Amino acid sequence: MRRPGYRQPLKQQLGGVKAMFIRLSVAVIVVVICMFLLMSAMSSSNSNSSSAEINTEALWGTAASDGWRASSAPRSDWPPPASESNGYLRVRCNGGLNQQRSAICNAVLAARIMNATLVLPELDANSFWHDDSGFQGIYDVEHFIKTLKYDVRIVESIPETRKNGKVKKIKAKQIRPPRDAPISWYTTEALKTMKEHGAIYLTPFSHRLAEEIDYPEYQRLRCRVNYHALRFKPHIVELSQSIVDKLRSQGHFMTIHLRFEMDMLAFAGCFDIFSPEEQKILKKYRQENFAEKRLVYDERRAIGKCPLTPEEVGLILRAMGFDNSTRIYLAAGELFGGERFMKPFRSMFPRLENHSTVDTTGELGKNTMGLLGSAVDYMVCLLSDIFMPTYDGPSNFANNLLGHRLYYGFRTTIRPDRKALAPIFIDREKGHTAGFDEAVRRAMLKTNFGGPHKRISPESFYTNSWPECFCKKSAVNPADKCPPLDVVEILNSQMESEGISDFEASGSNLTSAVDK
């Protein structure tokens, strides 16, 4: 019990003061740290605000490759086609030109998987394009067969067989493949039917083989087909090159795939910006061509599911720093809604062209909507300095071009992030225009301008074949190293060792195909 007037010893008093001083010091340090972090965040925010600039001059060149280059040559044991095949494979590729292109790649791979002889793919062009050009009318058949001679046997038609002095035709058994069928379906069910009948006919053949296959050599085969074997006929290449030369004679030029067309608008369910009569047309088209689904325009728009309007495309380009002297080639079908939607875009970028305005031969005027027009648009977009798809969702044209331009040397692409841009455009429509250009630039700076990047679902292999179809000369990972330059000689030797002699000896096409 303490006595009255008792005082703590001086040592204890000092200890209490010291503890209080320590607590105060810690509190001060915490406050200082918080203030520093707050100031740093504000400084970073200001720095980001001032640095949201895009160097448009740099975009006219190619994207940074980080040492990668295109190569779809085999990098492991890749034996030539066996001298005896298991039968003939026929396919009918449905859809537009680029959907058919993917189907052709899948057909070659399916033939390789089953050790089958591929019959030249059939293009269901008539029902989609009202154009019966067919494979032979669009692609260089001789080049196609020669380029793939190390991978699969290809014939133009199933030959007749002669047995006991009688001519017999092999009738292909028709099968409807499952969508995105795994390899196992081809090595079991399809192969079994092929061996029973001697030939199978897969129809329809679009998206009938899984895209993600955990075997890089199969994916490289797809690239060899897509980017080397599928070459348009000489007159299409020459016509496309003449258009590119004309456009480039006045400097750089950009191509835009303006997907503001009836089918895509109806698919997306983006009706409200149109007149009642136009909405009726779109809803009727949707009802006749797509599955019934409740679609609310405001909801679709807010999450970036609507194709960009021509005006929105112009506003993006202007915010990025492109001026009205920019030369633009439009690759598009008939725009829905007419000139009233194009007028704002044209006022911002008057130097607009399309294949009809730059074709001096008049050939495209006769076949604007057919495979020829689509093929020329594809080539011009492939060779342009910058390519901009405005709706790369289910658009095979845009997605295939993005993949081809990546493979063609990381050529610049401008891919608007519609989900990030939607609230910016909605705010602008409500009258909130302050900081609009800055907000657009911020959104665009987060996009990829054509360099190598990881493929993440739902991005298609045909949109991004990195890293399977690319290599590095000085790679740390052995799987990324470039194959030997004498790959053609290696493949030729393999064929000779297998006793296969009914192929042309020249390997010049594969030399140019597999290593640029």
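Scroll up to find the structure this text is about.
Cut-offs used in this document
- Numbers given to residues run from 1 along each chain, matching the order in which its sequence is written.
- This being a predicted model, a pLDDT of at least 70 is required before a residue's local features are given, and a value of 80 or more before pairs of side-chain atoms are given or counted; all residues contribute to the totals for chains, interfaces and linings.
- Hydrogen atoms and water are omitted, and side-chain values are computed over all heavy atoms in the structure.
- In these notes, a set of buried Ala, Val, Leu, Ile, Met, Phe, Trp, Tyr and Cys residues joined through side-chain atoms within 4.5 Å is what counts as a nonpolar core.
- Think of it in three bands: with a 1.4 Å probe and only protein chains considered, a residue is buried below 20% of the maximum accessible area for its type, exposed above 50%, and partly exposed in between.
- Any pair of residues with heavy atoms lying within 4.5 Å of one another is described as a contacting pair.
- All axes here are fitted lines through C-alpha atoms, helices being fitted over the stretch that makes contact, and every angle between N-to-C directions spans 0 to 180 degrees.
- Each helix is a run of DSSP H or I of at least 4 residues and each strand a run of E of at least 2, with the numbering of both proceeding from the N terminus.
- The labels follow the angle: roughly parallel below 35 degrees, roughly antiparallel above 145, roughly perpendicular from 65 to 115, and oblique for the rest.
- By the definition used in this description, the sense in which the near helix is turned from the far one sets the handedness, with an anticlockwise turn below a right angle giving left-handed and a clockwise turn giving right-handed.
- Polarity classes work like this: nonpolar for Ala, Val, Leu, Ile, Met, Phe, Trp, Tyr, Cys and Pro, charged for Asp, Glu, Lys and Arg, and polar for all others, with Gly in that last group.
- When DSSP finds two or more bridges between two strands, those strands count as paired.
- A crossover counts as right-handed when, viewed with the strands pointing away from the observer, the path leading from the first strand over the helix to the second turns clockwise.
- By disulfide we mean two sulfur atoms from cysteines, separated by a distance within 2.5 Å.

A few points about the nonpolar core
Then step 1. In terms of nonpolar packing, the biggest core is built from 69 residues, with Leu89, Phe144 and Tyr186 touching the most fellow members.
Then step 2. Filtering out sequence-adjacent residues up to four positions away, Tyr186 remains in contact with Ala110, Ile113, Met114, Pro177, Ala181, Leu191, Leu202, Phe205, Arg208 and Leu209.
Then step 3. Core analysis: the second largest hydrophobic core is formed by 41 residues, Leu265, Leu282, Phe322 and Leu335 among them.

Describing the packing of helix H9 (residues 234–248) against helix H16 (residues 371–383)
Then step 1. Two elements in contact, H9 and H16, have axes whose closest approach is 9 Å; the angle formed by their N-to-C orientations is 50°. Classed by the angle they form, the pair H9 and H16 counts as oblique. Viewed along their axes, H9 and H16 form a crossing whose handedness is right-handed. Where H9 approaches H16, its residues His235, Ile236, Leu239, Ser240, Gln241, Ile243, Val244, Leu247 and Arg248 are matched on the opposing element by Leu372, Ala375, Val376, Met379, Val380 and Leu383.
Then step 2. In terms of residue class, the contact of H9 with H16 is made up of eleven nonpolar, three polar and one charged.

Some points on the pairing of strand E9 (residues 199–202)
Then step 1. Residues Ala199 and Tyr201 of E9 are buried on one face, and the alternating residues Ile200 and Leu202, pointing to the opposite face, are buried as well.
Then step 2. Where strand E2 (residues 88–93) lies against E9, four bridges are found, and the strand directions are parallel. Looking at the pairing, Leu89 lines up with Ile200 of E9.
Then step 3. Of the pairings in the sheet, the one linking strand E8 (residues 173–175) to E9 comprises three bridges and is parallel in character. If you follow Gln174 over to E9, its bridge partner there is Tyr201.

Topic: the environment of Pro121
Then step 1. Structurally, Pro121 can be placed in the loop between strand E3 (117–119) and strand E4 (122–123).
Then step 2. A relative accessible area of 3% means that Pro121 is categorised as buried.
Then step 3. Sequence-wise, Pro121 and Ala103 are 18 residues apart; in three dimensions their C-alpha atoms are separated by 8.9 Å.
Then step 4. Setting aside residues up to four positions removed in sequence, Pro121 forms contacts with Val91, Cys93, Ile104, Phe135 and Phe144.

Some thoughts on the pairing of strand E11 (residues 328–331)
Successive residues of a regular strand alternate their side chains across the two faces of the sheet.
Then step 1. Alternating residues of E11 divide into Ile328 and Leu330 and Tyr329 and Ala331, and every residue in both groups is buried.
Then step 2. Sheet topology places strand E10 (residues 254–257) next to E11; four bridges connect them, and they run parallel. Bridged to Thr255 within E11 is Tyr329.
Then step 3. Note that E11 and strand E12 (residues 352–353) share two bridges and pair parallel. Its bridge partner lying in E12, Ile328 is registered against Leu352.
Then step 4. The handedness of the E11 to E12 crossover, carried by helix H14 (residues 339–348), is right-handed.

Looking at the environment of Pro74
Then step 1. Secondary-structure assignment places Pro74 in the loop between strand E1 (68–70) and E2.
Then step 2. On the accessibility criterion, Pro74 (9% relative accessible area) is buried.
Then step 3. Sequence separation of Pro74 and Tyr218 is 144 residues, and the distance between their C-alpha atoms is 9.2 Å.

Things to note about the environment of Ser133
Then step 1. Secondary-structure assignment places Ser133 in the loop between helix H4 (125–129) and helix H5 (134–138).
Then step 2. Expressed as a C-alpha distance, the spacing of Ser133 and Leu371, which sit 238 residues apart in the sequence, is 7.4 Å.
Then step 3. Not counting the four nearest positions on each side in its chain, Ser133 is found in contact with Ile138 and Leu371.

Side note on the state of the cysteines
Then step 1. By the definition in use, this model includes three disulfides.
Then step 2. Between Cys270 and Cys306 runs a disulfide, and the two sulfur atoms are separated by 2.0 Å. Taking the torsion about the S-S bond as the criterion, the Cys270 to Cys306 disulfide, at about -95°, is left-handed. In this pair, Cys270 sits in the loop between helix H10 (262–268) and helix H11 (276–289) while Cys306 sits in the loop between helix H12 (297–302) and helix H13 (310–320), placing the two residues 36 residues apart along the sequence.
Then step 3. Overall, Cys270 belongs to the buried group, its relative accessible area being 3%.
Then step 4. Two residues, Cys471 and Cys482, share a disulfide whose sulfurs are 2.1 Å apart. On the S-S bond that ties Cys471 to Cys482, the torsion sits near 85°, and the link is right-handed. You can see Cys471 sitting in strand E14 (residues 470–472) and its partner Cys482 sitting in the loop between E14 and helix H20 (487–497), a full eleven residues away along the chain.

By themselves, these observations are geometric and do not establish any function.
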